[in-house]
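Remarks on the overall topology
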Amino acid sequence: MADTQIKYTPSPKTGNPGQLSSAAETMQTRTAMLRAVYGGTETMRAQGATFLPQYEKESDTRYQARLASTFALNKLREAVDAASAKPFRTLLKVQNGDPDLDLWTQDIDLQGNHLHIFGHQYFNNSMLDGMCHLLVDHPDTYNMKSLADQKASGVRPFMKMYKVDDVAAAYDMYVGGDTKTVHVRIRSQRAERDGFKEVLYNQIRVIEIDPTKTSGIVQLWEQKAQSGGSNWDFIEETPLQNMAEVPFVTMYAGEKEADYLARPIFIDLAYKQIEHWISSSDQRSILSAARFPMLACSGVQIDPEDEKQFAIGPYKVLYAPEANGRWYYVEPRGTAIESGAKDLDKLEMQMDMMALNPVTGTHRQYVPQNERDIQETRVHSVVHDMAINCQDALEKAIKFMGQWTGKDYSQVQVILNTEFSNTKDRIEEVKQLVAMYEKRGISRETLLREVYKRNLLGDDFNIQNELTALAAIDQALTAGTDPNASATDPAAAPSKTTDPAAANSNTPANGTGGTPKTFDFPNNQDRPKKQI
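A short tour of the structure in this document, coming up. (Residues numbered from 1 in each chain as written. Predicted model: local features only at pLDDT ≥ 70, side-chain atom pairs only at ≥ 80, totals over all residues. Heavy atoms only, no water.)

The end-to-end C-alpha distance of helix α6 (residues 115-129), which contains 15 residues, comes to 21 Å, matching closely the 21 Å that a straight helix rising 1.5 Å per residue would cover. Burial analysis of α6 places twelve of its 15 residues in the buried class, which makes it a mostly covered element. Listing the buried residues of α6 in full gives L115, H116, F118, G119, Y122, F123, N124, N125, S126, M127, L128 and D129. Where α6 ends, the next residue or the one after it, G130, has phi of about 95°, a positive value. (Helix = DSSP H or I, 4+ residues; strand = E, 2+ residues; numbered from the N terminus. Expected span 1.5 Å × (residues − 1). Buried < 20%, exposed > 50% of the residue type's maximum accessible area, 1.4 Å probe, protein only.)

Put into structure tokens, the structure is as follows:
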């Protein structure tokens, strides 16, 4: 029988902690290309021949001029930013928390960022790179004598975000019926001031957990940034207590190929943008050549010594020593230019489709409504699934914050916007919901909840407060009293007269007797009309 017992070997204190895992090597190759394309014209030009090949026998001067006159149509940035904005169109909400968590979310990373802003950045980086990581950290408290000292100091857990390039390696293990992160190596850098100079140090933090226990270690390694890749120096090792796994959360946005290896959603769009970059460079070059007709001559002999000083332009005199010599201009017919323009149009349409643009082609041709609906459904389903992944990742991170402080945050929910339909469609849906409510097919609470989900009510809307207020109005209307009148208001006191007409002062007899009681409704109505 095979030995299935989990064995743990702690990380050594010698060696190269910056060694990349196989997954990290693949991901960093992909993200290097994606980040360069996402940066647009500036970063794509910096790649030089990597993105814009230099043609055979093309001089360096001519190539540099062609590179400097090429500009990017940055569909990748447009696609990533548009997709990332959808779930964060309304304020992120945290439910089932406590006052401490409410306070922490106002500055979730100790850098002044609200959880909504932090989550948006987390989602954006995931959509671009295919994944993004966050570490739930806690300041060192080993030198504090008691829990009271910790609370007095204000230390508390917080989140740190790490891009793909920041993680040298990460490993998961199946432990106790669940997959847990047991080893992470995170890269960073620190600066040390030396007078007016600055010395940079590369750092590696090794965080790992013994899967057989709820404890682990944190190692710190350093290397001078200008050392040319010299050996790493082991600095220190501290214990990590009361953690069953490394508090490390990864959001995948794309096809997950293995642990910490994913194919980004927009990687094909990035390649298509590079293709457009090359084609647009060729098109601009041919336009530059075509705008200036070429001067040709026949029956003319030019002295090689004079050829270097030969100039063409206005205010110049051309002469032909040969009696039968002639000068004339040659102009291209424009067939190649037209073919290049068609190629660019085709590439741009393909880029729109890969960018999950629901209105593909509307600037070139009419797109039927049913086709737009199909495209919108495709777009919304992709972004909707990614929003659910982001909710789950943030909830797991909040759960880790609870573990650092001995709190149970397993019931905390993070709510993002997952309703992406346009306003017109949402209003039509609400009309149907109101009709169901009037026919008693759904409850008032369900109606309000569905309207709120469609982002037709403000972020400060509280359904419980609204239901309580409506219940008070219903009770007051049933009792025939003004729900807005205070207990000391004379108008709220019941009349002592026995006159039936006076007793029901809300209803004037034959339209002449009594004064109608005014409620807080339009036009002195005694019952609210439909507001939706």
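Picking up after the structure, the text goes on.
Now for the sheet that holds strand β9 (residues 248-252). Across the sheet, which stays open at both edges, the three strands sit in the order β3-β2-β9 with antiparallel pairing between neighbours. Two strands bound the open sheet, and with one partner strand each, they are β3 (158-162) and β9. Ignoring strand direction, the axes of neighbouring strands in this sheet form an average angle of 25°. In terms of strand pairing, strand β2 (residues 131-137) meets β3 through five bridges, oriented antiparallel. Bridge pairing links L134 to M161 in β3. Packing against the sheet, α6 makes contact with β2, β3 and β9, and its axis sits at approximately 145° to β2. (Pairing = 2+ DSSP bridges. Axes fitted to C-alpha atoms, helices over the stretch in contact; angles between N-to-C directions. Contact = heavy atoms within 4.5 Å.)

With that out of the way, let us pick up the side chain of D98. Take D98: it is sitting in the loop between β1 (93-95) and α5 (99-106). A polar contact of 3.4 Å, which involves the side chain of D98, links it to the side chain of K407. Reaching out from D98, the side chain makes a polar contact with the side chain of Y409 at a distance of 2.8 Å. Residues in contact with D98, not counting those within four places in the same chain, are K407 and Y409. (Polar contact = N/O pair within 3.5 Å; in protein donor to acceptor, adjacent residues only side chain to side chain.)

Direction vectors running N to C along helix α13 (residues 444-453) and helix α14 (residues 463-479) enclose 140°, while the axes themselves pass 11 Å from each other. As far as their axial angle goes, α14 and α13 are oblique. Seen from above, α13 lies across α14 with right-handed handedness. Between α13 and α14, the contacting residues are R444, E445, L448 and R449 on the first element and I463, Q464, E466, L467, L470, A471 and D474 on the second. Its residues assigned to classes, the contact of α13 with α14 shows five nonpolar, one polar and five charged. (Parallel < 35°, antiparallel > 145°, perpendicular 65-115°, else oblique. Left-handed = near helix turned anticlockwise from the far one by under 90°. Nonpolar A, V, L, I, M, F, W, Y, C, P; charged D, E, K, R; others polar.)

This part takes up the state of the cysteines. Counted by the stated rule, this structure contains zero disulfides. The thiol of C132 is unpaired, and the distance to the nearest cysteine sulfur, on C390, comes to 9.6 Å. According to the relative accessible area criterion, C132 is buried, its value standing at 0%. The exposure class assigned to C390 is buried, which follows from its relative accessible area of 0%. (Disulfide = S-S within 2.5 Å.)

Attention now goes to the side chain of K180. The residue K180 is located in strand β5 (residues 178-194) in this model. Buried charged residue K180 carries no salt bridge. Nearest counter-charge: E245, at 5.6 Å. Other than its neighbours up to four places away in sequence, K180 contacts Y171, D172, M173, V175, A244 and E245. (Lys, Arg positive; Asp, Glu negative; His and termini not counted. Salt bridge = Lys/Arg side-chain N within 4 Å of Asp/Glu carboxyl O.)

A few words on the pattern of salt bridges. Within the structure shown, the criterion is met by 15 salt bridges. For D98, the salt bridge identified is with K407, shortest N-O distance 3.4 Å. Of the two residues, D98 is situated in the loop between β1 and α5 and K407 in the loop between α11 (369-405) and β14 (413-415); the sequence distance between them amounts to 309 residues. With relative accessibility at 19%, the residue D98 sits in the buried group. Residue classification places K407 among the partly exposed residues on the basis of a relative accessible area of 25%.

In total, this model carries four aromatic pairs according to the counting rule given. A ring pair is formed by W104 and Y409, whose centres lie 6.4 Å apart and whose planes are at 80°; its orientation type is edge-to-face. Placement of the pair is W104 in helix α5 and Y409 in the loop between α11 and β14, with a sequence separation of 305 residues. Side by side, W104 and Y409 carry an identical accessibility label, which is buried. For the ring pair W221 and F234, a centre distance of 5.4 Å and an interplane angle of 80° mean the geometry is edge-to-face. Residue W221 is located in strand β7 (residues 215-224), and its partner F234 is located in strand β8 (residues 233-241); the two are separated by 13 residues in the primary sequence. Over the ring of Y38 we find R77; its NZ or CZ atom is 4.1 Å from the centre of that ring. Above the face of the Y201 ring, R190 is positioned so that its terminal group lies 4.4 Å from the ring centre. (Phe/Tyr/Trp six-rings, centres within 6.5 Å; stacked < 30°, edge-to-face > 60°. Lys NZ or Arg CZ within 6 Å of the ring centre and 35° of its normal.)

Turning our eyes to something else, we now look at the sheet that holds β8. Across the sheet, which stays open at both edges, the five strands sit in the order β4-β5-β6-β7-β8 with antiparallel pairing between neighbours. Two strands close off the open sheet at either side, each with one partner strand: β4 (167-175) and β8. Along the sheet, successive strands turn relative to each other by an average axial angle of 20°, direction set aside. Pairing of strand β6 (residues 197-210) with β7, which is carried by ten bridges, proceeds in the antiparallel orientation. Residue pairing for β7: I207 is matched across the bridge by V218.

Further remarks concern unusual backbone geometry. A positive phi angle, near 65°, is found at K57, a position not held by glycine. Along the chain, K57 falls in the loop between α2 (41-46) and α3 (60-68). For N96, which is not glycine, the phi torsion reads 65° and is therefore positive. Assignment of secondary structure puts N96 in the loop between β1 and α5.

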